[in-house]
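Coordinate inspection notes
Okay, here's what each chain looks like letter by letter:
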Amino acid sequence: MNLRDALQQKTLIGDGAMGTLLYSYGIDRCFEDLNLSHSEEVLNVHRAYVNAGADVIQTNTYGANYIKLTRYGLQNQVKEINTQAVRLAKQAAGPEQYVVGTMGGVRGIQKQAVPLEEIKRSFREQLYCLLFEEVDGLLLETFYDLEEVTTVLEIVRKETDLPVIAQVSMHEAGVLQDGTPLTEALELLEKKGADVVGVNCRLGPYHMIQSLEEVPLPDKAVLSAYPNASLPAFQDGRLVYPTDPSYFQKSAQSLYEQGVHLIGGCCGTTPEHIEAIAARVKGKKPIKEKKVPLKKKTDVNVAKKEKQTPHLHELARKGRSIIVELDPPKKLNTERFLKGAKALQEAGIDSITLADNSLATPRISNSTMASIIKSKYNVDPLVHIACRDRNLIGLQSHLLGLHTLGIHQVLAVTGDPTKIGDFPGATSVYDLSSFDLIHYIKQLNKGISFSGKPLGENTSFSVAAAFNPNVRNLNRAVGRMEKKISYGADYFISQPVFNEKQLVEVYEATKHVDAPIYIGIMPLTSVRNAEFLHNEVPGMTLSADILERMEQAGDNKAQAQAEGISIAKSLIDTAMDLFNGIYLITPFLRYEMTVELTNYIHEKSASKERKLSDGIHIV
Ligand SMILES: Cc1cc2nc3c(=O)[nH]c(=O)nc-3n(C[C@H](O)[C@H](O)[C@H](O)COP(=O)(O)OP(=O)(O)OC[C@H]3O[C@@H](n4cnc5c(N)ncnc54)[C@H](O)[C@@H]3O)c2cc1C
Ligand code: MET
Ligand SMILES: [Zn+2]
């Protein structure tokens, strides 16, 4: 009987883990390379699963694509590794077994780490190798990203009529990491031509059964499940999966009752697990009817909670808006910072922005200071979030905390490199890029956590992204802006610009961009400050005229500061004609300077409005 017919007619037993089994023997290297270097060990694992009763044997090719093999310098061995993998699986399989070529997902939570085009290239190459060796079917497994698995499935379906098993993996029971309910994901995979749709890895039997309870029997396809043995434990520096095969056997019965036709095991499972499930369900006639509870547990029950005051991107779309950066102090005395926040609020700014340990140097936590100025002075703070200092757990927790504090304005940045700060040797996390961070903050706005879990309520973050116009190739920077918009950025905040000609260039290069820009203006404080920015900060260029003016102002602090303000005012004159949003950066907590510039902008706006309304009056 061919695999497709067998899958329809009886319960088939899949094999168990390859990777974790080899790891439990003390092997900790590229498992797919073992097809070539230690083929006897791989063959023995396959044989053990055949002897345990597995009907479907998968090739040891989970990571045998060039993207994953590159980590081991084996990117040129794709053909050899896949070819040998099929041969080994076939050698172990008897006439009763089917050999399926496994292709594992690449994308984790970082979407933009591997572009889709590269995934396509890489999977095509692996697919051709597996097909050339005449496998009985294909197994797409451990796909966390729905876009990735559907893309790969489309490629496979174009190339072959062989049976295809398509399996997704979930961090949370019942939902994919983007919040898509499992039922919807499996329906989509069936629609795209998978013969078997199912789940594998990450979850143990308990959560997998719970997830499948909500999934109806597909129309044409059949269901599969390859649970992990259990959650992993960390023992003596190694990951182990402590479980009892008899528990797995009981779980296989429950999976069968959920209408699953193909039951195997993923990480942590062993030939003992497979033997146990085969003894219970192998060959049984699959169930024909299944009752699914009407109210799906995984419905994202979002209570809409909207922000009361307008978001900054709305303000800047409508008209003049001023935001001012006032960074939390590096020392414990907060008096000057708080005075500055109060003065700026009284001057009528729309928001105070608080950097996240900018220049990779620790300051008092910006969310702490943001919360204080919000409650004390009714400031609407904007909190910068750098990907450098927090992992995924920390980032999500931080964002949920900000929402709880009523802080809804954030700026998502990669973060300055640690090399330039107080701790050059500090680790940088970068679990997410700024693009991914923007994407996941927007996912929270839909009431879905980073891992796909419903949050019960949506956040309402307005997400700013950074724009650095001080680069050699302005068009590339504009390209990054467009990409950030496609990931969900609502508006941009720019690095300071120090010359009028550049303001016009930036305007011309960005006028087509469909998101407001708050253009950065920073008053200079001294000639040394000006020379530092001009000579030492990559990309920043001060005009000869501005450098000359600061030089003339000399060493007198008040005089230099006055000249800095005067220069900033002329930049503001130009900027106001080109941009609605103005982002003033307070240097060294000298808030008097940014208060004065705020007043200047308000006065200019008011006089412009007066002129306009006078004009209308005359007409
Ligand atoms: C308004 C604003 C606020 C900021 N606040 C903070 C803060 O609070 N804390 C902090 O640590 N840092 C902050 N930064 C600095 C920022 O994190 C870095 O300057 C960063 O490299 C640029 O912005 P991003 O993080 O969005 O980078 P991304 O756009 O995500 O870029 C990431 C990397 O790509 C590279 N890159 C960027 N643009 C280009 C280009 N045009 N061509 C080629 N490669 C490029 C850079 O090397 C960069 O490291 C801020 C920057 C701005 C403009
Ligand atoms: C990481 S999910 C498991 C991949 C593969 N089926 C293995 O057992 O090695
Ligand atoms: Zn697994």
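Residues numbered from 1 in each chain as written. Chains lettered and ligands numbered in written order. Predicted model: local features only at pLDDT ≥ 70, side-chain atom pairs only at ≥ 80, totals over all residues. Heavy atoms only, no water.

**Remarks on the UniProt feature "domain: Hcy-binding" (unreviewed entry) in the chain**
For clarity, the threshold we go by: UniProt positions are given in the numbering used here, feature names are shortened, and annotations may be inferred rather than shown by experiment. To qualify as a helix, a DSSP run of H or I must reach at least 4 residues; to qualify as a strand, a run of E must reach at least 2; elements of each kind are numbered from the N terminus.
Here, UniProt's "domain: Hcy-binding" (unreviewed entry) annotation points to residues 1-281. Between the C-alpha atoms that bound residues 1-281 the distance is 19 Å, and the span itself is 44% helix and 16% strand.

**Observations regarding the site of ligand 2**
For the record, the criterion: In this text, near means that some heavy atom of the residue lies within 4 Å of the molecule or strand in question. Pairs of N or O atoms within 3.5 Å make up the polar contacts considered here, provided that, within protein, one atom can donate a hydrogen while the other can accept it, and that residues adjacent in sequence are counted only when both atoms are side-chain atoms. Reported accessibility uses the Shrake-Rupley method at a 1.4 Å probe radius. Residues are deemed covered only where the shown protein chains occlude them. Under the convention adopted here, Pro, Cys and the residues Ala, Val, Leu, Ile, Met, Phe, Trp and Tyr are nonpolar, Asp, Glu, Lys and Arg are charged, and Gly plus all remaining residues are polar.
If you check the shell around ligand 2, you find Ala17, Met18, Gly19, Gln58, Tyr62, Glu141, Thr142, Cys201, Cys266 and Cys267 and nothing else. Contacts to ligand 2 include methionine 18, whose backbone N or O atom sits 2.9 Å from an oxygen atom. Between ligand 2 and glycine 19 there is a distance of 2.8 Å, counted from an oxygen atom to a backbone nitrogen or oxygen. For ligand 2, whose unbound accessible area comes to 300 Å², protein coverage reaches 86%. Grouping the amino acids of the shell around ligand 2 by side-chain chemistry returns six nonpolar, three polar and one charged.

**Notes on the site of ligand 1**
Neighbouring ligand 1 are 21 residues; Asp356, Thr414, Ser434, Arg480 and Lys484 lie closest to it. The backbone of aspartate 356 places a nitrogen or oxygen atom 2.7 Å from an oxygen atom of ligand 1. The contact in question runs from an oxygen atom of ligand 1 to an N or O atom on the side chain of arginine 480, over 2.7 Å. Contact with the protein chains covers 76% of the free accessible surface of ligand 1, which is 920 Å². Broken down by secondary-structure element, the contributors of at least two residues to the shell around ligand 1 are β14 (409-413), β15 (462-467), α18 (474-486) and β16 (491-496).

**Some remarks on the domain arrangement of the chain**
Accessible area lost upon the coming together of the parts serves often as the stated size of an interface. Just so we agree on the cut-off: Residue ranges for the domains trace back to a domain assignment, done automatically or taken from a database. Contacts: residue pairs with any heavy atoms within 4.5 Å of one another. Buried area is understood as the total, over both parts, of accessible area removed when two parts are fitted together, assessed with a 1.4 Å probe. Salt bridge, as used here, is a side-chain nitrogen of Lys or Arg placed within 4 Å of a carboxyl oxygen of Asp or Glu.
Taken domain by domain, the chain comprises domain 1 (3-281) and domain 2 (312-618). Taking only C-alpha atoms into account, the centre of domain 1 sits 47 Å from that of domain 2. Domain 1 puts eleven residues into the contact, and the matching count from domain 2 is 18 residues. A combined buried area of about 1,100 Å² lies between domain 1 and domain 2, and 52% of that area is made up of carbon and sulfur atoms. On the domain 1 side of the interface with domain 2, the three residues burying the most area are Ile109, Gln112 and Glu172, jointly 52% of the side's total. Counting across the interface, domain 1 meets domain 2 through one salt bridge.

**With respect to the coordination of the zinc ion (ligand 3)**
Note on metal sites: the ideal angle is 109.5 degrees for four tetrahedral donors, and 90 or 180 degrees for six octahedral donors. The line we're drawing: Each metal's donors comprise the N, O and S atoms found within 2.8 Å of it (within 3.2 Å for Na, K or Ca). Water is not part of the atom list, so some coordination spheres may appear incomplete. The buried label goes to any residue with under 20% of its type's maximum accessible area, the exposed label to any with over 50%, and the partly exposed label to all in between, with areas taken from a 1.4 Å probe on protein chains only.
Within the protein, Cys201 (SG), Cys266 (SG) and Cys267 (SG) serve as the donor atoms for the zinc ion (ligand 3), at 2.2 to 2.4 Å. All donor residues of the zinc ion (ligand 3) come from one chain, and their arrangement in sequence is C-x64-C-C. Residue cysteine 201 is located in the loop between β6 (196-200) and α10 (205-212), and its partner cysteine 266 is located in the loop between β10 (260-263) and α12 (271-281); the two are separated by 65 residues in the primary sequence. Its relative accessible area of 9% is what places cysteine 266 among the buried residues.

**Examining the side chain of aspartate 490**
Residue placement: aspartate 490 occurs in the loop between α18 and β16. Looking at aspartate 490, the relative accessible area reads 15%, which means it is buried. Within polar-contact distance, the side chain of aspartate 490 engages the side chain of lysine 442 at 2.9 Å. A polar contact is formed between the side chain of aspartate 490 and the backbone nitrogen of valine 463, at a distance of 2.8 Å. Not counting residues up to four positions away in its chain, the partners in contact with aspartate 490 are His313, Lys442, Phe461, Ser462, Val463, Ala515 and Pro516.

**Some points on the environment of leucine 7**
Structurally, leucine 7 is set in helix α1 (residues 3-9). Expressed as a C-alpha distance, the spacing of leucine 7 and proline 163, which sit 156 residues apart in the sequence, is 9.5 Å. When sequence neighbours within four positions are dropped, the list of residues in contact with leucine 7 reads Leu12, Val196, Val222, His261 and Leu262.

**With respect to the sheet that holds β10**
Selection rule: Paired strands, in this sense, are two strands between which DSSP finds at least two bridges. In this analysis an axis means a line fitted to C-alpha atoms, helices contributing only their contacting stretch, and an angle means the value between N-to-C directions, from 0 to 180 degrees.
Judged by pairing direction, the sheet is parallel, and its eight strands sit side by side in the order β1-β10-β7-β6-β5-β4-β3-β2 without closing on themselves. Only two strands of the sheet have a single neighbouring strand rather than two, namely β1 (12-13) and β2 (56-58). Pairing of β6 with strand β7 (residues 222-226) involves five bridges; the strand directions are parallel. Across the sheet, residue valine 196 finds its bridge partner in β7, namely valine 222. With respect to the sheet, helix α7 (residues 116-132) is in contact with β3 (98-104) and β4 (137-143), its orientation differing from that of β3 by roughly 170°.

**Quick word on the sheet that holds strand β12 (residues 351-354)**
Ordered in space as β11-β12-β13-β14-β15-β16-β17-β18, the eight strands form a closed barrel in which the pairing is parallel. Neighbour-to-neighbour, the strand axes of this sheet turn through a mean angle of 25°, independent of strand direction. As defined by bridge partners, strand β17 (residues 517-521) adjoins strand β18 (residues 581-585) across four bridges and the pair is classed as parallel. Among the inter-strand pairings, isoleucine 519 is bridged to a residue of β18, identified as isoleucine 582.

**Quick word on the packing of aromatic side chains**
Each pair of aromatic rings is reported with the distance of its centres and the angle of its planes. Convention followed: Two rings from Phe, Tyr or Trp (for Trp, the six-membered ring) form a pair when their centres are within 6.5 Å of each other. A pair whose planes differ by under 30 degrees is stacked, one over 60 is edge-to-face, and the rest are tilted. The criterion for a charge sitting over a ring is simple: Lys NZ or Arg CZ within 6 Å of the ring centre, and within 35 degrees of the ring normal.
Inspection of the entire model under this criterion finds five aromatic pairs. Ring geometry for phenylalanine 435 versus tyrosine 487: centroids 5.5 Å apart, planes at 55°, classification tilted. Note that phenylalanine 435 is positioned in helix α17 (residues 434-445) and tyrosine 487 in the loop between α18 and β16, a separation of 52 residues in sequence. In terms of burial, phenylalanine 435 and tyrosine 487 fall into one category: buried. Geometrically, the ring pair formed by tyrosine 440 and phenylalanine 450 is tilted, given 5.3 Å between the ring centres and 45° between the ring planes. Pair noted here: tyrosine 440 is in helix α17 and phenylalanine 450 is in the loop between α17 and β15, with a separation of ten residues, a long-range link. In this structure, lysine 284 packs its charged tip against the face of tyrosine 256, placed 4.4 Å from the ring centre. Lying across the ring of phenylalanine 435, lysine 484 places its NZ or CZ 5.9 Å from the centre.

**Digging into the environment of threonine 525**
Relative to the assigned elements, threonine 525 resides in the loop between β17 and α20 (527-536). Taking the C-alpha atoms as reference points, threonine 525 and aspartate 416, separated by 109 residues in sequence, lie 23 Å from one another. Apart from the residues lying within four places of it in its own chain, the contact partners of threonine 525 are Met550, Ala560, Gln561, Pro587, Phe588, Arg590 and Met593.

**Examining the pairing of β15**
Selection rule: Handedness is read with the strands pointing away from the viewer; a crossover is right-handed when the path from the first strand over the helix to the second is clockwise.
Among the six residues that make up β15, five are buried, leaving the element largely enclosed by the rest of the structure. Here β14 runs beside β15; their pairing, made up of four bridges, is parallel. Each residue of the ladder has a partner; that of alanine 412, found in β15, is alanine 465. Chirality of the crossover, the property in question, places the unit of β14, α17 and β15 among those that are right-handed. In this view, the connection linking β15 to its parallel neighbour β16 by way of α18 has right-handed handedness.

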